[in-house]
Each structure stands twice: as structure tokens, then as C-alpha cells.
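Here is what each chain is made of, one letter per residue.
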Amino acid sequence: MIYRVRHVTAYAYELPVEMATHLLHLTPRPLPRQRVINTSLSCDLEPARRSEGLDHFGNPTAWLYLDRPHARLTVTADSTLEVAAPAPLSAVTPPWEAIRGLALARAEVAEFLFPSPTLPPVEAAQAFLAPYFTPRRPVGEAAVELIAHFRDHMAFRAGVTTVSTPVEEVLRRRAGVCQDFAHLLVTGLRMLGIPARYVSGYIRTRPPPGGVRRVGVDQSHAWVAAWMGPEAGWVEMDPTNSLFVAEEHVVLGWGRDFGDVSPLLGVILGGGRHSVSVGVDMDEASVSAG
């Protein structure tokens, strides 16, 4: 499937911002299942300096430095890419208790075993997942049952949490949004000894039958990749939708938690109060994949 994704972030400030620096995670990550055909980042203000590169996790990033006073800022990311579904989950995976030991022998995997700044240990998160991880059960089998039933226990409800809501509060409310569910699943898996990373990206949405698709209503999204042994590798799960990731998921990048891959993170001087609006459009593209 070939998609065009357009992500527009607009800030309006109460007072002029004298200077600012911004870190952007808005460029899709090239992957075996995801080929970036073209991509661009633009800003309505010409930055004094701009640089691009990769962060610690290998995600594409851009840095903008603005040295002129401004009351508004709009950043637009526009990408065309070809996306395929991940390989099916291996039919044979190790018992979940063995995963921690296998992961510790691989540095690039082991770093996702441990707590992160936003996600400290939460015993209740482990207890939430524990019924699926019975003794000696294959980790893949446990994951299939877990993800199939996740939405039976959690309700998607916008407005009841913020980007800083802790996992304990999400569990208490049994409600939240995709970031909350990803954080909950990452925390519980790590406490069981299963490496888990937070994945940031987009998911294609569709209008109801007979409805007209509205512009700007596609979703910035978050899900989880869990390492299930050397054969299965990283397996992507979408707890918000109770499914394994398919070709309608576009990856921007991954990290230990939301803080590692925030789409746009800035430090500003001045500005006072501000508002932010985000619009995402994700459409099937008619360009050639060649």
C-alpha cells in the first residue's frame, strides 16, 4: 500500500517568542516493511539553523533553531511511502520466562527491558497482564490472547488523561487514549521480563459506511513492539484496537516511551500561554512505487 501522510502542527503564542529550538520526530523511519519514497519538512519561519540526523534509537530527526521574534509557528511534514504488513507471528516462540535471559545477551534489545523516565515500575501493570502469562506458556501464544482481549478491559476515552498521566492513573480509570494504552502495555511487559518499546506513528482511519471522509481526522497513533525471541524478533501490537499491526500502520520511530519520540518538542524564550493544533491526513497515493 502506498500512502501520502501530511502532518501539520500550528502554535499560537500569547506573547512573541524571542527565540526557540525544536526537536522534530516527523519523518517516517525506513524499515524492511516501510519504504520512504519521498519526505519533506517545512516551517513557515526560516530557521537560523537547521540540521538533520538520527537519534540514539536510529530514528530520523530534525533540529530547528529560530532566532527571530514570532507569535505563530507552523511546521508541516509531508511524506509518501510504501507500507506492507509485518511478517506473521512465528508459530513457535519460547516460554515467556526465557525471554529476559535471551534479551540480556543482546544489547540492542536489553535496553528495552528496563524502566524509563516516564515509565517507572508499576506492580499493578504486571498484575494486569499476569493472567495471560501462565507458567511456561509460549510468549507468542500469551500475546495473541492478551491483545485480543485488551479492549475488553480498557475503554478508549479522549480527554480523561494528558501526556503526563501515570500508568497507575490509567489503570485506575480503565480508560485513556492510545499513548496511555501503549505505556501500560510497555510497562507490564517489561516487568514480566519481556523487552518492549513504544512506537510512534499513524494509523489510517476510514469514514463510516456511506459517510464522507473528513480532512484532518486521521490519527497520530502509538502502539507497542515486544521482543519475543531470536526467531520471532520484534512483534508489533496495537492495544488501542486489540490487533497486531498491519499495513495501515505507518511508523515514525520508537523509543522507551513517548518522551523519546515526541513529534515536536521545543524549548522557547517568551511566548506566555500558547495553543497548539494538529491535523493529520493519510491517503492512499497514486504515485508509482518504482
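Residues numbered from 1 in each chain as written. Predicted model: local features only at pLDDT ≥ 70, side-chain atom pairs only at ≥ 80, totals over all residues. Heavy atoms only, no water.

Participant: Where do I start with the overall build of the chain in this structure?
Facilitator: Each helix and strand in the chain was counted, giving six helices and 14 strands. Relative to the globule expectation of 19 Å for 290 residues, the C-alpha radius of gyration of the chain, 20 Å, shows essentially globular dimensions. Along the longest, intermediate and shortest principal axes, the C-alpha atoms of the chain span 60 × 45 × 40 Å. Residues classed as buried in the chain amount to 47% of the 290 residues present. Within the chain, contacts between residues separated by at least 24 positions form 76% of all contacts whose residues are at least 6 apart in sequence. Per element, the accessible surface of the chain, about 13700 Å² overall, is 56% carbon and sulfur. (Helix = DSSP H or I, 4+ residues; strand = E, 2+ residues; numbered from the N terminus. Rg over C-alpha atoms; globule rule 2.2 N^0.38 Å. Buried < 20%, exposed > 50% of the residue type's maximum accessible area, 1.4 Å probe, protein only. Contact = heavy atoms within 4.5 Å. Areas by Shrake-Rupley, 256 points an atom, 1.4 Å probe, with all protein chains shown as cover.)

Participant: Just checking my understanding: could you explain the pattern of salt bridges for this structure?
Facilitator: Charged atoms that come close allow side chains of opposite charge to pair. Enumeration according to the criterion identifies 11 salt bridges in this entry. Where Arg137 meets Glu145, a salt bridge forms, and the shortest distance between an N and an O atom there is 2.6 Å. A salt bridge links Arg256 to Asp260, with the shortest nitrogen-to-oxygen separation between them at 2.8 Å. Asp260 gets classed as buried once you look at its relative accessible area, which sits at 14%. (Salt bridge = Lys/Arg side-chain N within 4 Å of Asp/Glu carboxyl O.)

Participant: Got a minute to help me understand the environment of Ala77 in this structure?
Facilitator: Note on placement: Ala77 falls in strand β5 (residues 70–83). Discounting chain neighbours no more than four positions away, the residues touching Ala77 are Val5, Arg6, His7, Leu26, Ser40 and Leu41.

Participant: Looking at this model, I keep getting lost on the nonpolar core. Mind explaining?
Facilitator: Here is a general trend for soluble globular proteins: nonpolar side chains tend to be buried in one another's company. Ranked by internal contacts, the top residues of the largest apolar core, which has 42 residues, are Phe133, Leu189 and Ile194. Beyond its immediate stretch of four places on either side in the chain, Ile194 contacts Trp96, Ile99, Leu113, Phe133, Val139, Leu189, Ala226 and Trp227. With 24 residues, the next largest nonpolar core counts Val5, Val17, Val83 and Val250 among its residues. (Core = buried A, V, L, I, M, F, W, Y, C linked by side-chain atoms within 4.5 Å.)

Participant: Quick question: what am I supposed to make of helix α1 (residues 96–104) here?
Facilitator: Along an α-helix, a turn takes 3.6 residues, which lines up residues three or four apart on a common side. All buried positions along α1 are accounted for by Trp96, Ile99 and Ala103. On an axial view of α1, the arc spanned by its buried residues comes to 20°, and they lie on one face. (Arc of directions from axis to C-beta.)

Participant: Help me understand helix α6 (residues 178–191) in this model?
Facilitator: Between its first and last C-alpha, α6 extends 20 Å over 14 residues, near the 20 Å set by a 1.5 Å rise per residue. For α6, the tally of buried residues reaches 13 of 14 residues, placing the bulk of the element in the interior. Looking one or two residues past α6, Gly193 carries a phi angle of roughly 90°, positive in sign. (Expected span 1.5 Å × (residues − 1).)

Participant: I would appreciate a short explanation of the pairing of strand β4 (residues 60–66) in the present structure.
Facilitator: Here is the key point about a regular strand: its side chains alternate between the two faces of the sheet. Among the seven residues that make up β4, five are buried, leaving the element largely enclosed by the rest of the structure. As judged from the five bridges shared by strand β1 (residues 2–24) and β4, these two strands associate in the antiparallel manner. Bridge pairing in β4 links His22 to Leu64. Relative to β4, strand β3 (residues 49–54) is paired through six bridges, and the arrangement is antiparallel. Each residue of the ladder has a partner; that of Gly53, found in β4, is Thr61. Hairpin connection between β3 and β4: a loop of five residues separates the two successive antiparallel strands, and Gly58 in this loop has a positive phi of roughly 85°. (Pairing = 2+ DSSP bridges.)

Participant: I'm lost on the environment of Asn38 in this one. Help?
Facilitator: Inspection of the secondary structure puts Asn38 in strand β2 (residues 34–43). Discounting residues that sit within four places of it in the chain, Asn38 has contacts with Asp78, Ser79 and Thr80.

Participant: Explanation requested: the side chain of Thr76 in the structure shown.
Facilitator: Here Thr76 shows up in strand β5. Not counting residues within four places of it along the chain, the set of residues in contact with Thr76 comprises Arg6, His7, Val8, Ser40, Leu41 and Ser42.

Participant: What am I meant to see in the packing of aromatic side chains here?
Facilitator: The geometry of two aromatic rings is summed up by the distance between their centres and the angle between their planes. Inspection of every chain in the model, using the stated rule, returns seven aromatic pairs. Between Phe112 and Trp234, the ring centres sit 5.6 Å apart and the planes meet at 85°, which makes this aromatic pair edge-to-face. Here the residue Phe112 occupies a position in the loop between α2 (107–110) and α3 (123–129), and Trp234 occupies one in strand β10 (residues 234–238), the gap between them amounting to 122 residues. Its relative accessible area of 2% is what places Phe112 among the buried residues. Its relative accessible area of 24% is what places Trp234 among the partly exposed residues. Ring geometry for Phe150 and Phe181: centres 5.7 Å apart, planes at 65°, overall edge-to-face. Here Phe150, found in helix α4 (residues 139–153), pairs with Phe181, found in helix α6; they are 31 residues apart in sequence, far enough to count as distant. Residues Phe150 and Phe181 agree in their burial class; the two are buried. Positioned above the aromatic ring of Trp254 is the side chain of Arg29, whose terminal nitrogen or guanidinium carbon lies 3.8 Å from the ring centre. Positioned above the aromatic ring of Trp254 is the side chain of Arg197, whose terminal nitrogen or guanidinium carbon lies 3.8 Å from the ring centre. (Phe/Tyr/Trp six-rings, centres within 6.5 Å; stacked < 30°, edge-to-face > 60°. Lys NZ or Arg CZ within 6 Å of the ring centre and 35° of its normal.)

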